[in-house]
Amino acid sequence: GYAAFLAAAPVAPSVQDDLLQAYASSPTAAHKQLRALVSQGQDVGAIIDQLEKSTGDRSFQGLRNQALSQRNALRLRKKALDHWERGDRVTARTLLLEARDVFLRNGAETEAHFCAYQVGEIYAEEERFPKSLQWIDQTHERTDTANMPYLTGLLYESRGYSLWFLDYHQNSILSFLEAVKRWQQINFALGITNAWNNLATLYEELGMTERAEQCYQRAIQHRG
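Residues numbered from 1 in each chain as written. Predicted model: local features only at pLDDT ≥ 70, side-chain atom pairs only at ≥ 80, totals over all residues. Heavy atoms only, no water.

**Some words on the nonpolar core**
Item 1. Counting 61 residues, the largest nonpolar core has Leu34, Val44, Phe60, Leu63, Phe103, Tyr150 and Trp183 as its most contacted members.
Item 2. Once residues within four sequence positions are removed from consideration, Leu63 is found in contact with His31, Leu34, Arg35, Val38, Val44, Ile48, Gln70, Leu74 and Glu111. (Core = buried A, V, L, I, M, F, W, Y, C linked by side-chain atoms within 4.5 Å. Buried < 20%, exposed > 50% of the residue type's maximum accessible area, 1.4 Å probe, protein only. Contact = heavy atoms within 4.5 Å.)

**Brief notes about the layout of surface pockets**
Item 1. Volume-wise, the largest pocket comes out at about 750 Å³.
Item 2. For the lining of the largest pocket, the elements supplying multiple residues, two or more each, are α2 (27–39), α4 (68–85), α6 (109–125), α8 (149–165) and α10 (189–205).
Item 3. When residues of the lining of the largest pocket are assigned to their parent elements, the largest contribution, eight residues, is made by α4.
Item 4. For the lining of the largest pocket, the per-class residue count stands at eleven nonpolar, six polar and nine charged. (1 Å grid on protein atoms, 1.4 Å probe; cavity = no way out; pocket = protein on both sides within 12 Å on 5 of 7 lines; lining within 4 Å. Points joined across faces, edges and corners; volume = space filled by probe spheres on them. Helix = DSSP H or I, 4+ residues; strand = E, 2+ residues; numbered from the N terminus. Nonpolar A, V, L, I, M, F, W, Y, C, P; charged D, E, K, R; others polar.)

**With respect to the environment of Tyr117**
Item 1. By secondary structure assignment, the location of Tyr117 is in helix α6.
Item 2. Spatially, the C-alpha atoms of Tyr117 and Ser132 are 8.8 Å apart, while their sequence positions differ by 15 residues.
Item 3. Those residues in contact with Tyr117 that lie beyond four places of it in its chain are Ile136, Thr139, Leu154, Leu155 and Ser158.

**Structural notes on the packing of aromatic side chains**
Item 1. For the coordinates displayed, the defined rule picks out eleven aromatic pairs.
Item 2. Judged by centre distance (6.4 Å) and plane angle (15°), the rings of Phe60 and Phe114 are stacked. Here Phe60, found in the loop between α3 (45–55) and α4, pairs with Phe114, found in helix α6; they are 54 residues apart in sequence, far enough to count as distant.
Item 3. Consider the rings of Phe114 and Tyr150, whose centres lie 5.9 Å apart with planes at 40°: the pair is tilted. Of this pair, Phe114 sits in helix α6 while Tyr150 is found in helix α8, placing the two residues 36 residues apart along the sequence. Residues Phe114 and Tyr150 agree in their burial class; the two are buried.
Item 4. Taken together, Tyr23, Phe60, Phe114, Tyr150, Trp183 and Phe188 form an aromatic cluster joined through their ring pairs. (Phe/Tyr/Trp six-rings, centres within 6.5 Å; stacked < 30°, edge-to-face > 60°.)

Below, the structure written as structure tokens:
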């Protein structure tokens, strides 16, 4: 019903400019700020429109939702990340799954995908790589990979790590290269740098020093 939708205040133009700049240096930082604004009852639709127009990245679609339950889901997710930072992975995972269910019920798919990605990351931290891959791959299948370069890049990067630790080196290399491709689309310099550094380390491990050197060079180029 209508009661669940509070009239949200539009975001001030200065905040909008700051966010567009934040995205330019780090979509991760921008995403965090957008989530905080929605949690406070702000309508970020106009910012998302602008982001999509300037970058073509639709990774933040789910934050358009103005339902009260959406704010609760965002709070659950924030609580999950706090627990994760403190090393309590079990509670973090439980809360992320709860948040994910609410996001899915709200039709906020991209936010649900981000929760699933983080669940995969937690499994990877526990060195449960097959379980991590399961989460990452099923999320990847549900993601609009053409229009969500930021989210898709994160999924490929996560996949690259798990495959690396499982000794599927060739597939790991391909995943990191796919992450680079997505982040080049949106000029995510830090993401690109990290991915090339990962590839360099991986090639070194495989004794392919010339390849490793080329990757280090590329990482340096993107360091801004």
